[in-house]
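Here are the chains, one letter per residue:
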Amino acid sequence: MKLYYKTGACSMASHIILNELGIQFELDKTDTEAGKTEAGEDFRKISPNGYVPALVTDEGEIITENSAVLQYLADQSPDAGLAPLNGTLGRTRLQETLNFVSSELHKSFGPFFSGTELEGDARQKAEAGVGRRAAHIERSLADGRTFLLGDTFTVADAYAFVVLNWAGFVGVSLDAWPKTRAYVSRVAARPASIKAMVAEGLIEQGQVA
Ligand SMILES: N[C@@H](CCC(=O)N[C@@H](CS)C(=O)NCC(=O)O)C(=O)O
């Protein structure tokens, strides 16, 4: 399999899951603006919308969209337990959470990555948007569960972690949501997360995020 990624972007969720699965894969760093990959490929031919993640399967199929890529990866090794089985209420809960992370939490960070420095009211508004979504994560963790769906780590945790971790990069404090902050540290400390962050150049070997 081959994963097209950008450093620290949402594609890191799939990178973490590939590490969790312990399977062999290739990485190709992508410059989405230029539409080129480090290996010299024309990225627009791989992902017509121009964004990561894009996964090429061993059969040569291209899969895009975080929720689809993550569930595809989990379904390659059902015994790893990274997603409840298809057709169960647990899978529906996973999809509910993945959709929330994708269309609500992830998108709430959009203003910070618009290319324009956020100031004053615009910044306050953007921070409030992240806060509303972080509050939902905090509510999900309120019963003391370790991960978003309970005590088992799933692909939704990889995605939520990557997105919530952006808070530090854009200078938004998660202090108001202590369970969420502890959750981010918990997922960051997983060997698969550390390995992905080191490989993408976010942290040094031996440094816990
Ligand atoms: N709907 C897509 C959105 C993916 C997305 O927003 N990818 C970002 C990185 S997190 C990207 O590659 N943006 C293009 C760019 O940064 O040039 C999904 O859920 O996979």
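Predicted model only: the values in this text are computed from it and were never measured.

## Focus on the pairing of strand β1 (residues 2-5)
Stage number 1. Both faces of β1 are covered, namely the face carrying Lys2 and Tyr4 and the face carrying Leu3 and Tyr5.
Stage number 2. Looking at chain direction, β1 and strand β2 (residues 26-31) are connected through four bridges and run parallel. Looking at β2, one finds that tyrosine 4 is bridged to aspartate 28.
Stage number 3. One crossover worth recording links β1 to the parallel β2 by way of helix α1 (residues 12-21), and it is right-handed.
Stage number 4. Where β1 lies against strand β4 (residues 54-56), three bridges are found, and the strand directions are antiparallel. Bridged to leucine 3 within β4 is leucine 55.

## What to know about the domain arrangement of the chain
Stage number 1. Each assigned domain of the chain is listed with its residue range as follows: domain 1 (2-80 + 194-199) and domain 2 (89-190).
Stage number 2. When domain 1 packs against domain 2, the two sides together hide about 1,400 Å² of surface, and 64% of this comes from carbon and sulfur.
Stage number 3. Summed over the shared surface of domain 1 and domain 2, the result is two salt bridges.
Stage number 4. Broken down by secondary-structure element, the contributors of at least two residues to the side of domain 1 that touches domain 2 are α1, α3 (66-76) and α8 (191-199).
Stage number 5. A total of six residues in the side of domain 1 that touches domain 2 trace back to one element, the largest contributor, which is α3.
Stage number 6. By residue class, the composition of the side of domain 1 that touches domain 2 is ten nonpolar, four polar and two charged.

## Regarding α3
Stage number 1. Of all the positions in α3, only Asn66, Ser67, Val69, Leu70, Gln71, Leu73 and Ala74 are classed as buried.
Stage number 2. Close packing links the buried residues of α3 with α1, β4, β5 (62-64), α4 (89-108) and α6 (155-170).

## Quick notes on the sheet that holds strand β3 (residues 36-37)
Stage number 1. Taking strand neighbours across the sheet as the criterion, the five strands line up as β3-β2-β1-β4-β5 in an open arrangement whose pairing is mixed. Among the strands making up the open sheet, the edge pair consists of β3 and β5.
Stage number 2. By the bridge criterion, two bridges tie β2 to β3 in an arrangement that is antiparallel. Its bridge partner being in β3, aspartate 31 is matched across the sheet by lysine 36.
Stage number 3. Packing of α3 onto the sheet brings it into contact with β4 and β5, and relative to β5 it is tilted by some 125 degrees.

## Observations concerning the layout of surface pockets
Over the atoms, a rolling probe the size of a water molecule traces out where space has been left empty.
Stage number 1. When its volume is computed, the largest pocket comes out at roughly 660 Å³.
Stage number 2. What lines the largest pocket is a set of 23 residues, among which Ala9, Cys10, His106, Phe113 and Trp166 lie closest to the centre.
Stage number 3. Elements that contribute at least two residues to the lining of the largest pocket include exactly α3, α4 and α6.
Stage number 4. Looking at the lining of the largest pocket, you find at least three residues from each of domain 1 (2-80 + 194-199) and domain 2 (89-190).
Stage number 5. By volume, the second largest pocket amounts to about 150 Å³.
Stage number 6. Lining the second largest pocket are Arg93, Glu96, Thr97, Phe100, His136, Ile137, Ser140, Leu148 and Leu149.

## Some remarks on the pattern of salt bridges
Oppositely charged side chains can pair when the atoms bearing their charge come close.
Stage number 1. Tallying each qualifying case throughout the model produces nine salt bridges.
Stage number 2. With its nearest N and O atoms 2.8 Å apart, the salt bridge here joins arginine 190 to glutamate 20. Of this pair, arginine 190 sits in the loop between α7 (178-188) and α8 while glutamate 20 sits in helix α1, placing them 170 residues apart in sequence.
Stage number 3. Take arginine 190: its relative accessible area is 22%, and that puts it in the partly exposed class.

Calculation notes
Per chain, the residues get numbers from 1 upward, laid out in the order the sequence is written. Totals for whole chains, interfaces and linings use all residues, but because this is a predicted model, local features are given only for residues with pLDDT of at least 70 and pairs of side-chain atoms are given and counted only at 80 or more. Excluded from the side-chain calculation are hydrogens and water; included are all heavy atoms of the structure. Each residue gets one of three labels from its accessible area relative to the maximum for its type: buried under 20%, exposed over 50%, partly exposed in between, using a 1.4 Å probe on protein chains only. Helix and strand definitions here come from DSSP, where helices need a minimum of 4 consecutive H or I residues and strands a minimum of 2 consecutive E residues; each element is numbered from the N-terminal end. DSSP bridges decide pairing: two strands pair if at least two such bridges lie between them. With the strands aimed away from the viewer, a crossover counts as right-handed if its path from the first strand over the helix to the second runs clockwise. Note: domain ranges come from an automatic or database domain assignment. As used here, buried area is the combined drop in accessible area, with a 1.4 Å probe, of two parts when they are placed together. A pairing counts as a salt bridge when a side-chain nitrogen of Lys or Arg comes within 4 Å of a carboxyl oxygen of Asp or Glu. For this scheme, ten residues count as nonpolar: Ala, Val, Leu, Ile, Met, Phe, Trp, Tyr, Cys and Pro. Four count as charged, namely Asp, Glu, Lys and Arg, and the remainder, Gly too, count as polar. Contacts: residue pairs with any heavy atoms within 4.5 Å of one another. In this analysis, axes come from line fits to C-alpha atoms, helices being fitted only over the stretch in contact, and the angle between any two N-to-C directions falls in the range 0 to 180 degrees. A cavity, in this analysis, means grid points on a 1 Å lattice covering only the protein atoms where a 1.4 Å probe fits yet has no way out; a pocket is instead an open set bounded by protein on both sides within 12 Å along at least five of seven lines, and a residue lines either one if it has an atom within 4 Å of a point. Grid points are joined across faces, edges and corners, and a volume is the space filled by probe spheres set on the points.

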